[in-house]
Amino acid sequence: MIWRGIINKYREFLPVNDSTDIVTLNEGNTPLIPSEYLSDIIGLNVFLKYEGLNPTGSFKDRGMTMAITKAKEEGAKAVMCASTGNTSASAAAYSARSSLKCIVLIPDGNIALGKLAQAMIHNAQVIAVQGNFDDALNLVKEITSKYPIALVNSLNPYRIEGQKTASFEICDSLKDAPEFHAIPVGNAGNITAYWKGYKEYKESGKTSKLPKMLGFQAAGAAPIVKGRIVEKPETLATAIRIGNPASWKSAEAARDESGGLIDSVTDDQIIEAYKLLAQKDGVFVEPASAASVAGIIKLQKSGYFQSFSGNIVCTLTGHGLKDPNIAIKNIKDPVTLKADLKTILNEIGL
Ligand code: AN7
């Protein structure tokens, strides 16, 4: 069967009917990659759900195909979002494909280069706000409540509907739900969506159990862990530099209903996991994505997994090419030498 995107594949679980005109870039169907290296460390079978391989390079495409499809169906002419980068890249691409005007508010100076390039080339109206993501989202909420512009942040329930399909794919691949699911948490839409997906699959009889949900925030932007709004969130993982998550309550529900946890990881732990993924598994992700792996390594060290066996899935939310500056900053510069055989052989150690 030709893959035609998540709505076609999972339409029985989604708010569409036969006359819905689907806006898709054939998102989804991302690989679930086993990690031998991490399985050895953790003591469970670790799988990486590599969402960086979606059309715009992040998991946001799953929600955006749904949100833009519904915006079109409902007659919207324009959409708007606040974004730490990936939502704006995705909204811009799906809007371009469906001739919608797209307006994005980004925190000035705090989005990765690749994401900015995407929003710009897809012709979104990009406005950098002198504030953080939370300030930008407040503005977008106010504007979309007063003017005929559709909000496509994950407060839009269609976004969650689309994003839940990642759980379906995991269960389809593993033939059941995993024991654990680890995931980065920013605005908390994705953990909400995965949990909804796992529950719906179990209710429909496609799986026999539910995973424990393990969410990870960056230590400098960990409102849910601290139990209070962080006014000035700080982390090099700019995708999750969020101090007041929109889906705070539903993330707590996912944590509590599943018997899981939401913890924090430091920027150093994120960078360590980011390098491990690239250098041991050959998987290049953006820093925020590495929070899930940093988190399970942290939990393993505390003995958390000792009495468990089975499968654990880590969502890797975005591609490493989104943020090339971080990669280059964290690795030694390449040497520059004369175009001379002896010099090059000497450098290689031959
Ligand atoms: C790579 O693009 O919030 O907890 O505006 O880009 O569902 O917010 C991005 C979030 C994790 C956190 N990893 O997901 C945005 C935005 C990456 C991300 C998250 C984001 P949520």
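See the structure above.
Here's a quick rundown of the structure. Since this is a predicted model, take the numbers as computed values, not measurements.

Overview of the pattern of salt bridges
With the rule as written, the count across this model stands at 17 salt bridges. The salt bridge partner of Lys-115 is Glu-286, with a shortest N-O separation of 2.7 Å. Here the residue Lys-115 occupies a position in helix α5 (residues 113–121), and Glu-286 occupies one in the loop between α12 (267–280) and α13 (291–301), the gap between them amounting to 171 residues. By the burial criterion, Lys-115 is buried, and Glu-286 matches it. As a salt-bridge pair, Lys-164 and Glu-200 come within 2.7 Å of each other at their nearest N and O atoms. Here Lys-164 is found in the loop between α7 (157–163) and α8 (165–174), whereas its partner Glu-200 is found in helix α9 (residues 189–203), with 36 residues between them in sequence. Linked through salt bridges whose partners overlap, the residues forming this network are Lys-49, Glu-51, Arg-62 and Glu-169.

Some remarks on the site of the ligand
Taken together, 22 residues surround the ligand, and among them Asn-86, Gly-186, Asn-187, Ala-188 and Thr-317 come closest. Side-chain polar atom of Thr-317 to a nitrogen atom of the ligand: 2.6 Å apart, as the coordinates give it. Its free accessible area being 470 Å², the ligand has 99% of it covered by the protein chains. Assessed atom by atom at 2 Å from the grid points, the ligand resides in the largest cavity. Among the elements of the structure, α4 (86–97) and α9 are those that each provide at least two residues to the shell around the ligand. In terms of residue class, the shell around the ligand is built from 9 nonpolar, 11 polar and 2 charged.

Some thoughts on the layout of surface pockets
Taken as a whole, the largest pocket encloses approximately 180 Å³ of empty space. Gly-109, Asn-110, Ile-111, Ala-112, Leu-113, Thr-235, Leu-236, Thr-238, Asp-323, Asn-325, Ile-326 and Lys-329 together form the lining of the largest pocket. Top contributing element to the lining of the largest pocket by residue count: helix α14 (residues 324–329), with 3 residues. Grouping the amino acids of the lining of the largest pocket by side-chain chemistry returns 5 nonpolar, 5 polar and 2 charged.

Procedures and definitions
Residues numbered from 1 in each chain as written. Predicted model: local features only at pLDDT ≥ 70, side-chain atom pairs only at ≥ 80, totals over all residues. Heavy atoms only, no water. Salt bridge = Lys/Arg side-chain N within 4 Å of Asp/Glu carboxyl O. Helix = DSSP H or I, 4+ residues; strand = E, 2+ residues; numbered from the N terminus. Buried < 20%, exposed > 50% of the residue type's maximum accessible area, 1.4 Å probe, protein only. Near = heavy atom within 4 Å. Polar contact = N/O pair within 3.5 Å; in protein donor to acceptor, adjacent residues only side chain to side chain. Areas by Shrake-Rupley, 256 points an atom, 1.4 Å probe, with all protein chains shown as cover. 1 Å grid on protein atoms, 1.4 Å probe; cavity = no way out; pocket = protein on both sides within 12 Å on 5 of 7 lines; lining within 4 Å. Sits in = over half its atoms within 2 Å of the grid points. Nonpolar A, V, L, I, M, F, W, Y, C, P; charged D, E, K, R; others polar. Points joined across faces, edges and corners; volume = space filled by probe spheres on them.

Interpretation note: all reported values are geometric properties and have no functional meaning in isolation.
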